[in-house]
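Chain and residue survey
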Amino acid sequence: QVQLVESGGGLVQAGGSLRLSCAASGRTFSPLPMGWFRQAPGKERDFVAGITPRGGTALYADAVKGRFTISRDNAKNTVYLQMNSLKPEDTAVYYCAAGSVTRTAAQYPYWGQGTQVTVSS
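First, a word on what this report is: a plain description of the structure on this page. (Residues numbered from 1 in each chain as written. Predicted model: local features only at pLDDT ≥ 70, side-chain atom pairs only at ≥ 80, totals over all residues. Heavy atoms only, no water.)

Comments concerning the state of the cysteines
The condition that has to hold: Note on terminology: pairs of cysteine sulfur atoms within 2.5 Å are recorded as disulfides. Put simply, DSSP marks the helices as runs of H or I at least four residues long and the strands as runs of E at least two long, and each gets a number from the N terminus on. Whether a residue is buried, partly exposed or exposed follows from its accessible area with a 1.4 Å probe, protein chains only, as a fraction of its type maximum: under 20%, in between, or over 50%, in that order.
Counted according to the given criterion, the structure contains 1 disulfide. The disulfide partner of Cys22 is Cys96, and the S-S distance across this bridge is 2.1 Å. Looking down the S-S bond of the Cys22 and Cys96 bridge, the torsion is -80 degrees, so its handedness is left-handed. With Cys22 in strand β3 (residues 18–25) and Cys96 in strand β9 (residues 92–98), the pair connects residues that are 74 residues apart, well separated along the chain. We classify Cys22 as buried; its relative accessible area is 0%.

Written out as structure tokens, the structure is:
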């Protein structure tokens with residue numbers, strides 16, 4: 001089993017930045033591809049970004065490309081999501097996921113509890 005714990009969410013003004021962290025534990029971390037998803041109230045859980053096990057390839061949703069950056073530190077068993085130029089429409093609960101690098105939530109077997117990001121206008 002893999003346990004994922006997100007942190008770093010909060011309230012920020014439009015145009016600001018936040019960095020989310022996801023700490024993994026429970027098994028060997030480094031072989032797992034990882035991803036970030038987000039879910040706004042009343043909406044489906046959407047793919048945000050994904051990264052391959054060694055960090056060589058990253059995928060982004062079109063809505064965040066050029067503003068968000070996913071990275072990982074396998075020595076710390078942690079994956080990050082740097083979010084810049086935040087917009088009110090980025091407001092959502094952000095979830096860390098492990099086990100896949102696709103854009104489909106159902107293909108990720110492991111999930112964190114989520115962290116709230118609120119962007120005020």
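What follows continues from the structure just given.
A closer look at the packing of aromatic side chains
The description of two aromatic rings rests on the distance between their centres and on the angle between their planes. Note the cut-off: Any two rings among Phe, Tyr and Trp, with Trp reduced to its six-membered ring, count as a pair given centres within 6.5 Å; such a pair is stacked if its planes are under 30 degrees apart, edge-to-face if over 60, and tilted if neither. Distance and angle both matter: a charge sits over a ring if NZ of Lys or CZ of Arg is within 6 Å of the ring centre and within 35 degrees of the ring normal.
Considering all chains together, one arrives at 5 aromatic pairs under this definition. Ring centres of Tyr108 and Trp111 lie 6.0 Å apart, and the angle between their planes is 55 degrees; on these two criteria the pair is classed as tilted. Taken together, Phe37, Phe47, Tyr95, Tyr108 and Trp111 form an aromatic cluster joined through their ring pairs. In this structure, Arg45 packs its charged tip against the face of Tyr95, placed 3.6 Å from the ring centre. Here the basic side chain of Arg45 rests over the ring of Trp111, its NZ or CZ set 4.8 Å away from the ring centre.

Observations concerning the pairing of β3
Test applied: Strand pairing is defined by DSSP finding a minimum of two bridges between the two strands.
Bridge count between strand β1 (residues 3–7) and β3: 5 bridges; the pairing is antiparallel. Bridge assignment links Leu4 to a residue of β3, and that residue is Ala24. In terms of strand pairing, β3 meets strand β8 (residues 78–83) through 6 bridges, oriented antiparallel. Bridged to Leu20 within β8 is Leu81.

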